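Residue-level listing of the chains:
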Amino acid sequence: MAALEITQKCRSCGESHSFSFDGIINAAGNPELRERVASGDYFTWECPCCGARNLVAGQTCLYHDSKEKLMIVLAPVGLKMEQVPQGYTCRLVDSVGQLMEKVKIFSAGLDDAIMEL
């Protein structure tokens, strides 16, 4: 799947801008993406008019690491996960912050269910 061309408004100056966003993050094929997701850099864009950093908002996203057998889906509340590949850990989150947190937890070799308790 190719990157999508999306348009969003800058939170600072209000200007609308289009940019490319890839909603499928293949962490096994591109290990540097794990760090960009964990730091939040993957989900920001810079306004060409005023230079403000903005969060990519409202986009569904799949983080997939086939080596770790991990899938994290960023989607609106109410989405149901069905047909998860056998042996995979799959999580559904509804914010960029939650996705970043899950990636950090799994990268550290920790159990996210225990961490939530």
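Rules and cut-offs
- Residues numbered from 1 in each chain as written.
- Predicted model: local features only at pLDDT ≥ 70, side-chain atom pairs only at ≥ 80, totals over all residues.
- Heavy atoms only, no water.
- Pairing = 2+ DSSP bridges.
- Helix = DSSP H or I, 4+ residues; strand = E, 2+ residues; numbered from the N terminus.
- Axes fitted to C-alpha atoms, helices over the stretch in contact; angles between N-to-C directions.
- Contact = heavy atoms within 4.5 Å.
- Buried < 20%, exposed > 50% of the residue type's maximum accessible area, 1.4 Å probe, protein only.
- Salt bridge = Lys/Arg side-chain N within 4 Å of Asp/Glu carboxyl O.

1. Things to note about the sheet that holds strand β3 (residues 24-26)
Note: strands within a sheet are paired through backbone hydrogen bonds, in either parallel or antiparallel orientation. As summarised here, the arrangement of the four strands in space is β3-β6-β7-β8, forming an open sheet in which the pairing is mixed. The strands lining the two open edges of the sheet, one partner per strand, are β3 and β8 (89-93). Taking each pair of neighbouring strands and ignoring which way they run, the sheet shows an average axis angle of 10°. Here strand β7 (residues 70-74) pairs with β8 via five bridges, running parallel. Each residue of the ladder has a partner; that of leucine 70, found in β8, is threonine 89. Each of β6 (61-65), β7 and β8 is contacted by helix α2 (residues 96-107), which is oriented at about 170° to β7, the strand it contacts most.

2. Overview of the pairing of strand β2 (residues 16-21)
Across the two faces of β2 the burial differs, with His17, Phe19 and Phe21 buried and Ser16, Ser18 and Ser20 not buried at all. Bridging between strand β1 (residues 4-9) and β2 involves six bridges; their strand directions are antiparallel. Directly across from glutamine 8, in β2, lies its bridge partner histidine 17. With antiparallel pairing between neighbouring strands as the criterion, β1 and β2 make up a hairpin whose turn holds six residues, including glycine 14 at a positive phi of roughly 80°.

3. Some remarks on the pattern of salt bridges
The full count for this structure, using the stated rule, is four salt bridges. The shortest N-O distance in the salt bridge between glutamate 46 and arginine 53 comes to 3.8 Å. Residue classification places glutamate 46 among the partly exposed residues on the basis of a relative accessible area of 49%. For arginine 53, a relative accessible area of 40% translates into the label partly exposed. Measuring nitrogen to oxygen at the nearest pair gives 2.7 Å for the salt bridge that ties arginine 91 to aspartate 112. Placement of arginine 91 in strand β8 and of aspartate 112 in helix α3 (residues 112-116) is noted, with a sequence separation of 21 residues between them. What makes arginine 91 partly exposed here is its relative accessible area of 26%. What you see here is one network of salt bridges that share partners, running through Arg91, Lys102 and Asp112.

Keep in mind these values describe shape, not function.
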